[in-house]
Amino acid sequence: MQSRDNHDLQTAATRGDIGRAADRNLLLSSSADIREQKAVEDHLFRSAYYDELTGLPTRRVIEHRANSLLQREAPGRFALACLDIDNFKHINDHYGYAIGDALLVEAAKRLGLDLRESDMLARISGDEFLLLLNPIQSEQEVAEYIQVTLQRLRAPFFIDGSEIFTSASIGVSLYPEHGPSCDVLCQNAGVAMHRVKNDGKDAAAFFNASMEREALARMKVEKSLRLAILENRFCCAFQAKVNIRTQDIKGIEALVRLRDNDGVVHAPGTFIHLAVELGLIDELTHLVLAEIVKSIDLINENFGGDTTISINVAAKQAGNPEFMRPFAEALEATGYPTRFMIEVTEDAFVGKAHFQTDILPIFRRLGVGISIDDFGVGYSSLSALADITADEIKIDRSFITDIHKRPRSQGILRAIESLSEALGITVIAEGIESFEELAYLQAATNIRYAQGFYFSRPIFLEELKPAVRILSNTRASSASRPLPENRPVYGRGDR
């Protein structure tokens, strides 16, 4: 029988049977090389329990460790911290996914510094980590450690010749104060982390009861939002873009509203961000387009057949070809794509090379216009404006409020206006709410178009005719003088 060394024996499977022939005992055996099978098993094990990119344990491993602690006869105090890298999507968009992956690897190394053998760090999703600190003596001890961790992540990362700055949002839950089980502790740490995100990022927060109430309220809104989409309980209000020199209507903006079961109408500020976060915004945008198509005859009757119709598209959608291409096809299918203006905020242009090379040409071929909404409060600079291909910019309300008595805002407005004129981009002043604001724009600028409650609040379809009559009355005024000071002014509110 051929002999094998120890290595061969470890990588082979042998089966033997004892037999007898010619008064001699014989061992008959067969063997098979299982090295490849072992390699596959090892790979499957690591894939199930360790993150391939960072080498850290997965969610399953850290939850098993936490549950083991809870099963002890006298569990001690420990902490679970949920950590999310801030603005990671922007880093991916700007630098590319390879740099983003490298950043996660380096961030994992920093997060793992000074961990004890009894602590554990795991990567539980794309840019989200879970940290188990065990044992702990006090909340103050955990807070000090988390602050050190935040400071480490604020230091620049040097990756492939790029200097990248980032930060983290961290939510912390403590056992036993914040929950009896691993699932509850993880959930509450996540709730605290989302509170930090909403409050401005780059910080940490411990879970508390008020966060739990907010989380329950959020779940209620989420449920109602999903039901509203299924039951098509969304409607559109329309707000006019007015020529402040002639009082003619240049276009209208479609603004989505939600009617709840009690008939109460909710402004988008109460649900749009959640719709984006839940991945429901694409379907919601198509519902808005369907509402416009259904109402086009009424729109034409009241505003004219050549009036442009603006639809808001979230920045997350604008950079996503999987949404924008079908949406462009839907606009084309209406039969009047040149009537539409797509409004996107400035952060859609963070990865502007991708947007302008892959997305924007599709809409250009259809004749669909592009408008930059809320200009001046995002990532804008005058040099960046020169690189952006757009038909229209809407100057954010924050620059227009009391513009007649704010010299610095007046200077910024003149600079934006001059560059826009040079580039052939139409300027629209957003949020006009007072006679003085309108009078300043008419007298001290060349801006021709504005939008705001001074002219009209957003109008529902059933109100279109009376609302347009209000606007029509303003056209009877002389184009050389401002609208009358005693005209109706609606109160401030969400778009």
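Every chain begins its residue count from 1, and numbering advances along the sequence as written. pLDDT decides what is reported in this predicted model: residues at 70 or higher carry local features, side-chain atom pairs at 80 or more are listed and counted, and totals for whole chains, interfaces and linings draw on all residues regardless. To obtain the side-chain values, all non-hydrogen atoms of the structure were included, while hydrogens and water were left out.

S.K.: So what's going on with the overall build of the protein? Which residues, and what values?
M.R.: Across its full length, the protein holds 19 helices and 19 strands. When a residue's accessible area, from a 1.4 Å probe over protein chains only, is under 20% of the maximum for its type it is buried; when over 50% it is exposed; and in between it is partly exposed. For the protein, the residues scored as buried account for 46% of the 495 residues in total. Throughout, a residue-residue contact means that at least one pair of heavy atoms, one from each residue, lies within 4.5 Å. Taking the contacts inside the protein whose residues are at least 6 apart along the sequence as the reference set, 66% of them involve residues at least 24 apart. In these tables, accessible area is a Shrake-Rupley quantity obtained with a 1.4 Å probe, and a residue counts as shielded only by the protein chains included in the view. Accessible surface computed for the protein: about 25100 Å², of which carbon and sulfur atoms make up 51%. A run of DSSP states H or I qualifies as a helix once it reaches four residues; a run of E qualifies as a strand once it reaches two. Both are numbered from the N-terminal end.

S.K.: Can you explain the side chain of Ser167? Please cite residues and give values.
M.R.: The topology assignment puts Ser167 in the loop between strand E7 (162-164) and strand E8 (168-175). Those residues in contact with Ser167 that sit more than four places away from it in its chain are Asp84, Ile85, Asp86, Leu153 and Asp202.

S.K.: Before we move on, can you summarise the packing of aromatic side chains with the specific residues and values?
M.R.: Only Phe, Tyr and Trp rings take part, Trp by its six-membered ring, and two of them pair if their centres are within 6.5 Å. Stacked means planes under 30 degrees apart, edge-to-face means over 60, and tilted covers everything else. Per the counting criterion, the structure on display carries 5 aromatic pairs. Measuring from ring centre to ring centre gives 5.7 Å for Tyr336 and Phe340, while their planes differ by 20 degrees; the resulting arrangement is stacked. Considered together, Tyr336 and Phe340 belong to a single accessibility category, that of buried residues. Each ring is checked for a lysine NZ or an arginine CZ that lies within 6 Å of its centre and within 35 degrees of its normal; such an atom marks a charge sitting over the ring. Directly above the ring of Tyr449 sits Lys250, whose terminal nitrogen or CZ lies 5.4 Å from the centroid. When the ring centre of Phe460 is taken as origin, the NZ or CZ atom of Arg259, which lies over that ring, is 5.2 Å away.

S.K.: How would you explain the pattern of salt bridges if you had to name every residue and give the values?
M.R.: Any Lys or Arg side-chain nitrogen located within 4 Å of an Asp or Glu carboxyl oxygen qualifies as a salt bridge. Summed over the entire model, instances satisfying the criterion amount to 22 salt bridges. Of the charged contacts, one joins Glu177 and Arg77 as a salt bridge, the two residues approaching to 2.2 Å between their closest N and O atoms. Residue Glu177 is found in the loop between E8 and helix H7 (182-199), and its partner Arg77 is found in the loop between helix H3 (59-70) and strand E3 (78-85); the two are separated by 100 residues along the sequence. Classification of Arg77 by relative accessible area gives partly exposed; the value is 26%.

S.K.: Before we move on, could you go through the packing of H7 against helix H8 (residues 209-231) and cite the residues and values that matter?
M.R.: Across the interface, H7 lies against H8 with an axial gap of 10 Å and an inter-helix angle of 85 degrees. With respect to H8, the axis of H7 lies roughly perpendicular. Counted together, Val191, Ala192 and Arg195 of H7 and Ser210, Met211, Glu214 and Ala215 of H8 form the full contact between these two elements. In terms of residue class, the contact of H7 with H8 is made up of 4 nonpolar, 1 polar and 2 charged. Fitting a line to C-alpha atoms yields each axis, with helices limited to the stretch in contact; the angle taken between N-to-C directions then spans 0 to 180 degrees. In this scheme, roughly parallel covers angles under 35 degrees and roughly antiparallel covers those over 145, while 65 to 115 is roughly perpendicular and the rest are oblique. For this scheme, ten residues count as nonpolar: Ala, Val, Leu, Ile, Met, Phe, Trp, Tyr, Cys and Pro. Four count as charged, namely Asp, Glu, Lys and Arg, and the remainder, Gly too, count as polar.

S.K.: Lay out the nonpolar core in plain terms, naming residues and giving numbers.
M.R.: If you look at the biggest cluster of nonpolar residues, it comprises 74 residues, and the most contacted ones within it are Phe234 and Phe363. In contact with Phe363, not counting residues within four places along its chain, are Met324, Phe327, Ala328, Leu331, Ile342, Val368 and Ile370. Each nonpolar core is a collection of buried residues, namely Ala, Val, Leu, Ile, Met, Phe, Trp, Tyr and Cys, held together in the definition by side-chain atoms within 4.5 Å.

S.K.: Give a description of the side chain of His178 that names residues and reports values.
M.R.: Looking at where His178 falls in the secondary structure, it is placed in the loop between E8 and H7. Residue His178 is classed as buried on the basis of its relative accessible area, which comes to 15%. Other than its neighbours up to four places away in sequence, His178 contacts Val172, Ser173, Val184, Leu185, Asn188 and Phe207.

S.K.: Quick one: what's the story with the sheet that holds E3, residue by residue and with numbers?
M.R.: Within the open sheet, the 5 strands sit side by side as E4-E5-E3-E8-E9. Their pairing is mixed. Lying at the two open borders of the sheet, with one neighbouring strand each, are strand E4 (120-123) and strand E9 (203-206). Neighbouring strand axes in the sheet, compared pairwise and without regard to direction, differ in orientation by 20 degrees on average. Paired strands are those between which DSSP finds at least two bridges. The pairing of E8 with E9 spans 4 bridges and is classified as parallel. Its bridge partner being in E9, Ser169 is matched across the sheet by Ala203. Strands E3, strand E5 (128-133), E8 and E9 of the sheet are contacted by helix H6 (residues 139-154), whose axis makes an angle of about 160 degrees with E8.

S.K.: Could you give me a rundown of the pairing of strand E10 (residues 234-243), with the residues and numbers involved?
M.R.: Judged by how many residues are buried, E10 sits mostly within the fold: 10 of 10 residues are covered. Relative to strand E11 (residues 249-259), E10 is paired through 9 bridges, and the arrangement is antiparallel. Counterpart to Gln239 in the pairing with E11 is Glu253. Linking E10 back to E11 in an antiparallel pair, the connection comprises 5 residues, with Gln247 at a positive phi of about 65 degrees. Pairing of E10 with strand E18 (residues 449-451), which is carried by 2 bridges, proceeds in the antiparallel orientation. Of the residues in E18, the one forming a bridge with Asn243 is Tyr449.

S.K.: How would you sum up the packing of helix H4 (residues 88-95) against helix H5 (residues 97-111)? Please name residues and give values.
M.R.: Each pair of packed helices can be summarised by the angle the axes make with each other and by the distance between the axes. One can describe the packing of H4 onto H5 by two numbers: an axis separation of 7 Å at closest approach and a directional angle of 135 degrees. As the angle between them shows, H4 and H5 are arranged oblique. Residues Phe88, Ile91, Asn92 and Tyr95 of H4 touch H5, and the partners they reach there are Tyr97, Ile99, Gly100, Leu103 and Leu104.

S.K.: Summarise empty space enclosed by the protein; cite the residues concerned and give the values.
M.R.: Cavities and pockets are defined on a 1 Å grid built over the protein atoms alone: a cavity is a set of grid points where a 1.4 Å probe fits but cannot escape, while a pocket is an open set with protein on both sides within 12 Å along at least five of seven lines, and lining residues are those with an atom within 4 Å of any such point. Grid points are joined across faces, edges and corners, and a volume is the space filled by probe spheres set on the points. Counted according to the given criterion, the structure contains 1 cavity of 30 Å³ or more. Of the voids in this model, the largest cavity is the one considered here, and its volume is about 30 Å³. Listed by contribution, the elements that provide at least two residues to the lining of the largest cavity are E10 and helix H10 (281-294). Among the residues making up the lining of the largest cavity, the classes are represented as 6 nonpolar, 1 polar and 1 charged.

S.K.: So what about H8? Which residues, and what values?
M.R.: Expected helix span is given by 1.5 Å per residue-to-residue step, counting one fewer step than there are residues. Helix length check: H8 (23 residues) gives 33 Å between terminal C-alpha atoms against 33 Å at 1.5 Å per residue, within 8%. Within H8, the full set of buried residues consists of Met211, Ala215, Leu225, Ala228 and Ile229. Phi turns positive, to about 55 degrees, at Asn232, one or two residues after H8.

S.K.: Explain H7 residue by residue, including any values.
M.R.: Here H7 spans 26 Å end to end across 18 residues, near enough to the 26 Å set by a 1.5 Å rise per residue. Listing the buried residues of H7 in full gives Cys182, Leu185, Cys186, Asn188, Ala189, Gly190, Val191, Ala192, Met193, Arg195, Val196 and Lys197. Considering only its buried residues, H7 is in contact with H3, E3, E5, E8, E9 and H8.

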